[in-house]
Amino acid sequence: MPVRSEQAHSALVIDDAATQDFRVHRSVLVDPAILERERRAVFDVCWLYAGHESEIPQPGDFRTRSVAGRPILFSRDSQGRARVFLNTCRHRGATVCRESQGNARLYFCFYHGWSYNRDGELVGVPGADAYPAGFDKKAHGLAEPPRTESYRGFVFVNFDASAMPLDEYLAGAKEYIDLVLDQSPSGEMEIIRGTQDYDIKANWKLLVENSFDDYHLLTTHKTWLDYLRKSGVEMKPPEQGHLLPTHGVGKALGNGHAVIDNVNFRGRPVARWIPIYGEQAKPEIERLRAELVARLGEARAARVADTNRNLVIFPNLVINDGSSVTVRTFHPVSADLMRVRAWALGPRDETPAARAVRLDSFLTFYGPGGFATPDDVEALEAVQAGISATWREVPWSVMTRGIAKPGEQLNTDELHLRAFWKQWDRLMNGARPGP
Amino acid sequence: MTPPRPPDADLRSRVENFLYAEAALLDAWQLEDWLALLTEDARYHVPSNDQPDTNPAETLFMIADDIHRLRARVARLQDRSAHAEFPHSRTRRMISNVRIVAQTGVEFDVEANFLVCHFRREGRQRDYVGRYRYRLRRTGESFLIARREAVLDAWELGQLGSVSFIL
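What you see is a predicted model; the values in this text were computed from it and never measured.

Side note on the overall build of chain A
1) Next: Scanning chain A for helices and strands turns up eleven helices and 21 strands.
2) Next: A compact globule built from 435 residues should have a C-alpha radius of gyration of about 22 Å, and chain A, at 23 Å, falls within 12% of that.
3) Next: In chain A, which comprises 435 residues, the share counted as buried stands at 49%.
4) Next: Partitioning the intrachain contacts of chain A with sequence separation of at least 6 by distance along the chain shows that 63% fall at a separation of at least 24.

Observations concerning the packing of helix α1 (residues 32-43) of chain A against helix α11 (residues 415-428) of chain A
Residues and elements named next belong to chain A.
1) Next: At a minimum axis distance of 9 Å, the contact between α1 and α11 shows a crossing angle of 100°. Taken together, the axes of α1 and α11 lie roughly perpendicular to each other. Of α11, the residues touching α1 (which contributes Arg-37, Ala-41 and Val-42) are Trp-424, Leu-427 and Met-428.
2) Next: Grouping the amino acids of the contact of α1 with α11 by side-chain chemistry returns five nonpolar, no polar and one charged.

So, the pairing of strand β1 (residues 38-47) of chain B
1) Next: The pairing of β1 of chain B with strand β6 (residues 142-152) of chain B spans four bridges and is classified as parallel. Across the sheet, Tyr-44 of chain B pairs through a bridge with Arg-148 of chain B, a residue of β6 of chain B.

Some details on the interface of chain B and chain A
1) Next: The interface is formed by 29 residues belonging to chain B together with 32 residues belonging to chain A.
2) Next: For the side of chain B that touches chain A, the secondary-structure elements that each account for two or more residues are β2 (61-65) and α3 (67-77) of chain B.
3) Next: The leading source of residues in the side of chain B that touches chain A is β2 of chain B, at four residues.

Observations regarding the pairing of strand β18 (residues 325-334) of chain A
Residue and element names in this part refer to chain A.
1) Next: Burial analysis of β18 places eight of its ten residues in the buried class, which makes it a mostly covered element.
2) Next: Relative to β18, strand β17 (residues 317-321) is paired through five bridges, and the arrangement is antiparallel. Each residue of the ladder has a partner; that of Leu-317, found in β18, is Thr-329.
3) Next: Where β17 folds back onto β18 in an antiparallel hairpin, the turn is made up of three residues.
4) Next: Where β18 and strand β19 (residues 337-347) come together, eight bridges link them in antiparallel fashion.

Here we look at helix α10 (residues 373-387) of chain A
1) Next: Helix length check: α10 of chain A, at 15 residues, gives a terminal C-alpha distance of 21 Å against a target of 21 Å (1.5 Å per residue), a fit within 8%.
2) Next: Of the residues making up α10 of chain A, those classed as buried are Thr-373, Pro-374, Asp-375, Asp-376, Val-377, Glu-378, Ala-379, Leu-380, Gln-384 and Ile-387 of chain A.

A look at the sheet that holds strand β3 (residues 48-52) of chain A
Residues and elements named next belong to chain A.
1) Next: Read across the sheet, three strands follow the order β3-β12-β11 without closing on themselves; strand pairing throughout is antiparallel. Two strands lie at the open edges of the sheet, namely β3 and β11 (147-151), each paired on one side alone. The average angle at which neighbouring strand axes cross in this sheet is 30°, direction not considered.
2) Next: By the bridge criterion, four bridges tie β3 to strand β12 (residues 154-158) in an arrangement that is antiparallel.

Re unusual backbone geometry
All names here are of chain A.
1) Next: Here Val-270 and Ala-271 are connected by a cis peptide whose omega angle stands at -15°.
2) Next: Along the chain, the position of Ala-271 falls in the loop between β15 (257-263) and α7 (282-296).
3) Next: Residue Pro-315 is reached from Phe-314 by a cis peptide bond, and omega for that bond is 0°.
4) Next: Looking at the secondary structure, you find Pro-315 in the loop between β16 (307-313) and β17.
5) Next: Residues other than glycine seldom take positive phi values, yet Arg-152 does so here, at roughly 50°.
6) Next: Relative to the assigned elements, Arg-152 resides in the loop between β11 and β12.

Focus on the environment of Asp-109 of chain B
Residues and elements named next belong to chain B.
1) Next: Here Asp-109 shows up in strand β4 (residues 107-119).
2) Next: Residues Asp-109 and Gly-123, spaced 14 residues apart in sequence, show a C-alpha to C-alpha distance of 37 Å.
3) Next: Aside from chain neighbours lying at most four places away, what touches Asp-109 is Val-101, Ala-102 and Arg-135.

Description of the sheet that holds strand β9 (residues 115-117) of chain A
All names here are of chain A.
1) Next: Read across the open sheet, the three strands follow the order β8-β9-β10; overall the sheet is antiparallel. Strands at the two margins of the open sheet, each flanked by one partner only, are β8 (106-108) and β10 (122-124). Here the average twist between neighbouring strands, direction ignored, is 40°.
2) Next: For β8 and β9, the ladder comprises three bridges, and the chain directions are antiparallel. Paired with Phe-108 across the two strands is Ser-115, which belongs to β9.

Observations concerning the domain arrangement of chain A
All names here are of chain A.
1) Next: Split into domains, chain A comes out as domain 1 (48-158) and domain 2 (166-428).
2) Next: Its C-alpha centre places domain 1 at a distance of 33 Å from the equivalent point of domain 2.
3) Next: With 14 residues of domain 1 at the contact, the number on the domain 2 side is 15 residues.
4) Next: Sorting the residues of the side of domain 1 that touches domain 2 by element identifies β3, β4 (61-67) and β11 as the ones contributing at least two each.
5) Next: With three residues, β3 is the largest single contributor of residues to the side of domain 1 that touches domain 2.
6) Next: By residue class, the composition of the side of domain 1 that touches domain 2 is five nonpolar, five polar and four charged.

Here's the deal with the nonpolar core
Residues and elements named next belong to chain A.
1) Next: In terms of nonpolar packing, the biggest core is built from 151 residues, with Leu-48, Ala-50, Leu-207, Val-312 and Phe-420 touching the most fellow members.
2) Next: Looking at this core, you find at least three residues from each of domain 1 (48-158) and domain 2 (166-428).
3) Next: Setting aside residues no more than four positions away along its own chain, Leu-48 makes contact with Phe-43, Val-67, Ala-68, Phe-156, Val-157 and Asn-316.

Some remarks on the confidence of the model for chain B
1) Next: Overall, the predicted model of chain B reaches an average pLDDT of 95, with 96% of residues at or above 70.
2) Next: Two numbers describe this predicted complex: its pTM, 0.95, and its ipTM, 0.94.

Description of the packing of helix α4 (residues 204-211) of chain A against α10 of chain A
Residue and element names in this part refer to chain A.
1) Next: Packing of α4 against α10 brings their axes to within 10 Å, and their N-to-C directions diverge by 135°. Taken together, the axes of α4 and α10 lie oblique to each other. Between α4 and α10 lies a crossing of right-handed hand. Contacts from Leu-206, Leu-207 and Asn-210 of α4 reach α10 at Asp-376, Ala-379, Leu-380 and Val-383.
2) Next: Here the contact of α4 with α10 is built from residues that sort into five nonpolar, one polar and one charged.

What counts and how
- Residues numbered from 1 in each chain as written.
- Chains lettered and ligands numbered in written order.
- Predicted model: local features only at pLDDT ≥ 70, side-chain atom pairs only at ≥ 80, totals over all residues.
- Helix = DSSP H or I, 4+ residues; strand = E, 2+ residues; numbered from the N terminus.
- Rg over C-alpha atoms; globule rule 2.2 N^0.38 Å.
- Buried ≥ 20, exposed ≤ 12 C-beta atoms within 10 Å, placed from the backbone.
- Contact = placed C-beta atoms within 7 Å.
- Axes fitted to C-alpha atoms, helices over the stretch in contact; angles between N-to-C directions.
- Parallel < 35°, antiparallel > 145°, perpendicular 65-115°, else oblique.
- Nonpolar A, V, L, I, M, F, W, Y, C, P; charged D, E, K, R; others polar.
- Pairing = 2+ DSSP bridges.
- Expected span 1.5 Å × (residues − 1).
- Domains from an automatic or database assignment.
- Core = buried A, V, L, I, M, F, W, Y, C linked by C-beta atoms within 7 Å.
- pLDDT = per-residue confidence, 0-100.
- Left-handed = near helix turned anticlockwise from the far one by under 90°.

So this is what it looks like as structure tokens:
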């Protein structure tokens, strides 16, 4: 029986420039009927991150994961192309690959023995002679999402055959992906092995907000800031009108993508040394810095090495280039539960010394054992616990920081959060991504 | 009359006593006392669930602390602003199947199974199951911890969410 939404006919996001009002109705974080609408109106029309080329370097390499609720097989075919298949047998539907990663010559459905090659073609049907003459193996290959496209190693799928091209969809986000990749002398980055795969008992959109919300840093991550300070990381008192040690801005990038773009104080593996990296790491960081300058020139090298960026690619991909680079994607399981998958990204051919700094720096902040992420998880779960039974009495969350300011918006303002929510609201009202 | 015990049983018994005492300190949140059990070159690791047998210089772990990071971790956990562990969780550690798997001079490699039950308010319970890999260094009649690795058995961290305490 379909779940009826209690909030089906009134506005879920109020965006009123005249009264400088911006509010989000809390039912959108709680109501199972809204999640069902989201699955169609958001996840089935947007480009969704499936994986990174570097995860499947050789023909036959595969990873299985879930994207927009669908089990997928992310794999490299016999021609060396990255492919995405729906992990379901064309006969009765069982998943044809049940391992999380590996290399396969064939994908074999153990239920009745149908098998598929690396290109998804049906190549084995036990007792094929019992099928009628019209049965065509060629028409029963593994199904693919209607669209699979990639940008600089990041592979996306779209379940809408008529979606705009990925390149166009990414809009202003491409500039920020390019900035991340400029860390690498070859221009290529790779997912480093080791997956952080965890649940948060909260609505998925809360992690979108949290992933690039610098307003929460001072209180949620007080212990992390204390750790930096005690470790000798220089943090100046905030300038007038600021909350954080350095200047940072929030920007909308089109199609619901947005970013915070900050002057760095927290150190960067490429290439700004802080005492936490240790004296022994200093020469390597200096060498990386010199390489950047030689390759990109002073100005671009400074842009790469002295700023950090938290990027949200609508709806559910986060690339945070801060204490290290993390790629994070997340999908709703239910209105109040999400499954998160996060990885570290590093330059291909990085030296062992630089790689060790990158991974160690990652762990100071990010991930289930980091000094920050567990407190983010706690915050999101506290929000969910706070709103799940009170949203009828306290229906609105206010999101107006910076709204009255002309021009530049700070990273601690909420323009970038509003950019996400505006796009979400457009799509939920039937619009498609695009101008 | 009790028959004399073979030397390895005696050693294992002392190792077990040490591990039980350590677990009691952690369950009691006596984290400063726990730090005193570690060597200056101690490491504490929790690998990512999908890469249990690798090293943190080339693989993403969840935790890969040296003694400085561990002291910072303990300082953080004792701060009211370590929100994921405030109010402090209650934990109860069950340690079993203790085996001494190697001995080199004064160092012993020890493996053991664990079940750590972690309780937050409102009925939130998480059960962490896995095995420990220790390197213990003998000091007189007792030991110090030179390496402590907690390897989780679950394929993904999943519903465990975080490893926000000393596992």
